[in-house]
Amino acid sequence: MIKLFLTDVDGCLTDGGMYYSAEGEVMKRFCVYDGMGMVLLRLAGIKCGILTSETTDIVASRAKKLKLDYLYMGVGAQNRMSKLDAAKEICNEMNISLDEVCYVGDDINDLDLLGAVGLAACPNSALPVVKALPGILVLSHNGGDGAIRELCDRILEEKL
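Residues numbered from 1 in each chain as written. Predicted model: local features only at pLDDT ≥ 70, side-chain atom pairs only at ≥ 80, totals over all residues. Heavy atoms only, no water.

Chemist: How should I be thinking about the pattern of salt bridges in this particular structure?
Modeler: Opposite charge on two side chains lets them pair, provided their charged atoms get close. As enumerated under the stated definition, the model contains eight salt bridges in all. Here Lys28 ties to Asp10 by a salt bridge, and the two come within 2.6 Å at their closest N and O atoms. One end of the pair, Lys28, is in the loop between strand E3 (26-27) and helix H1 (32-43); the other, Asp10, is in the loop between strand E1 (4-7) and strand E2 (19-20), and 18 residues separate them in sequence. Neither residue differs from the other here; Lys28 and Asp10 are each classed as buried. Note that Arg154 and Glu158 form a salt bridge whose closest N and O atoms lie 3.3 Å from each other. Residue Arg154 and its partner Glu158 are located together in helix H6 (residues 147-158), separated by four residues, close to a single helical turn. Among the ionic contacts, a cluster of salt bridges with common partners joins Asp8, Lys83 and Asp110. (Salt bridge = Lys/Arg side-chain N within 4 Å of Asp/Glu carboxyl O. Helix = DSSP H or I, 4+ residues; strand = E, 2+ residues; numbered from the N terminus. Buried < 20%, exposed > 50% of the residue type's maximum accessible area, 1.4 Å probe, protein only.)

Chemist: Any chance you could explain the pairing of strand E7 (residues 119-122) here in plain terms?
Modeler: A regular strand places its side chains on the two faces of the sheet in alternate fashion. Side chains Leu119 and Ala121 of E7 all project onto a buried face; the interleaved residues Ala120 and Cys122 project onto the opposite face, where all are buried too. Across three bridges, strand E6 (residues 101-104) lies against E7 in parallel orientation. Bridge pairing in E7 links Val104 to Ala121. Sheet analysis places E7 next to strand E8 (residues 137-138), joined by two bridges and oriented parallel. Bridging from a neighbouring strand, Ala121 pairs with Leu137 of E8. (Pairing = 2+ DSSP bridges.)

Chemist: Explain the packing of H1 against H6 to me, please; I cannot follow it from the model alone.
Modeler: One can describe the packing of H1 onto H6 by two numbers: an axis separation of 7 Å at closest approach and a directional angle of 25°. When the axis of H1 is compared with that of H6, the two are roughly parallel. Our pair here, H1 against H6, has a crossing hand that is left-handed. Here Tyr33, Asp34, Met36, Gly37, Met38, Leu40 and Leu41 of H1 come into contact with H6, specifically with Ala147, Ile148, Arg149, Cys152, Ile155 and Leu156. Across the contact of H1 with H6, the residue classes tally to 10 nonpolar, one polar and two charged. (Axes fitted to C-alpha atoms, helices over the stretch in contact; angles between N-to-C directions. Parallel < 35°, antiparallel > 145°, perpendicular 65-115°, else oblique. Left-handed = near helix turned anticlockwise from the far one by under 90°. Contact = heavy atoms within 4.5 Å. Nonpolar A, V, L, I, M, F, W, Y, C, P; charged D, E, K, R; others polar.)

Chemist: Just to check I follow, could you spell out the nonpolar core for this structure?
Modeler: Soluble, globular proteins show a tendency: their nonpolar side chains are buried together. One finds Phe5, Met38, Ile148, Leu151 and Ile155 to be the most contacted residues of the largest nonpolar core, which totals 26 residues. Counting only elements with at least two residues in this core, the list comes to H1, strand E4 (47-52), helix H2 (57-66), E6, E7 and H6. Ranked by the residues each element gives to this core, the list is headed by H6, at five residues. Contact partners of Phe5, with chain neighbours within four places excluded, come to Met38, Leu41, Ile46, Lys47, Cys48, Gly49, Cys102, Val104, Ile148, Leu151, Cys152 and Ile155. By size, the runner-up hydrophobic cluster in this structure holds 25 residues, among which are Tyr72, Tyr103, Val130 and Leu133. (Core = buried A, V, L, I, M, F, W, Y, C linked by side-chain atoms within 4.5 Å.)

Chemist: It is not clear to me how the state of the cysteines should be interpreted in this structure. Could you clarify?
Modeler: When the sulfur atoms of two cysteines share a covalent bond, that bond is a disulfide. Throughout the structure, instances matching the rule amount to zero disulfides. A disulfide-free cysteine, Cys91 has its sulfur positioned 12 Å from the sulfur of Cys102, the nearest such atom. Here Cys152 stays unpaired: no disulfide links it, and the sulfur of Cys48, its closest cysteine neighbor, is 6.3 Å away. (Disulfide = S-S within 2.5 Å.)

Chemist: Would you mind showing me how to read a nonpolar patch on the surface here?
Modeler: There is a patch of nonpolar side chains on the surface, built from Ile108, Leu127 and Val129 and spanning about 260 Å² of accessible area. By secondary structure assignment, the location of Leu127 is in the loop between E7 and helix H5 (128-131). Look at Leu127 and you get partly exposed, because its relative accessible area is 35%. (Patch = residues over 30% accessible without salt bridge, like charges linked within 9 Å, V, L, I, M, F, W, Y side chains within 5 Å. Areas by Shrake-Rupley, 256 points an atom, 1.4 Å probe, with all protein chains shown as cover.)

None of this, on its own, says anything about what the molecule does.
Following this line, the structure appears as structure tokens:
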């Protein structure tokens, strides 16, 4: 049974695009349905969090708005801590195993964690190498367009 839901941001909670204003301000598009899915998980007693290699006010604001339990920015890729290390840290804090974790990722820096959790999933728009991971659940929606909500609803309906 899933006790912790974690997701990457770019390509999962967003469409992977970065939008720049004429003044150079960076913007991201988030899907409200995905946010509500995570709220519903939290109401059902499932802790939720974000693991991302970026460190941005945009992601911090989104996590705060959704009242997420965990936010790890600056993890994965070339950063000090891998996403797998971050997930293990959270699991230790919660006294659960990685088998009780669902993680959604879409790129190569997500592969280690996707291969270690009880429920690994990716948006339909994920890279082919991610979609080819044994046992991964490939969602029908793209990142930033309802993929997270699709998975949240499935977890709640099927009591995964």
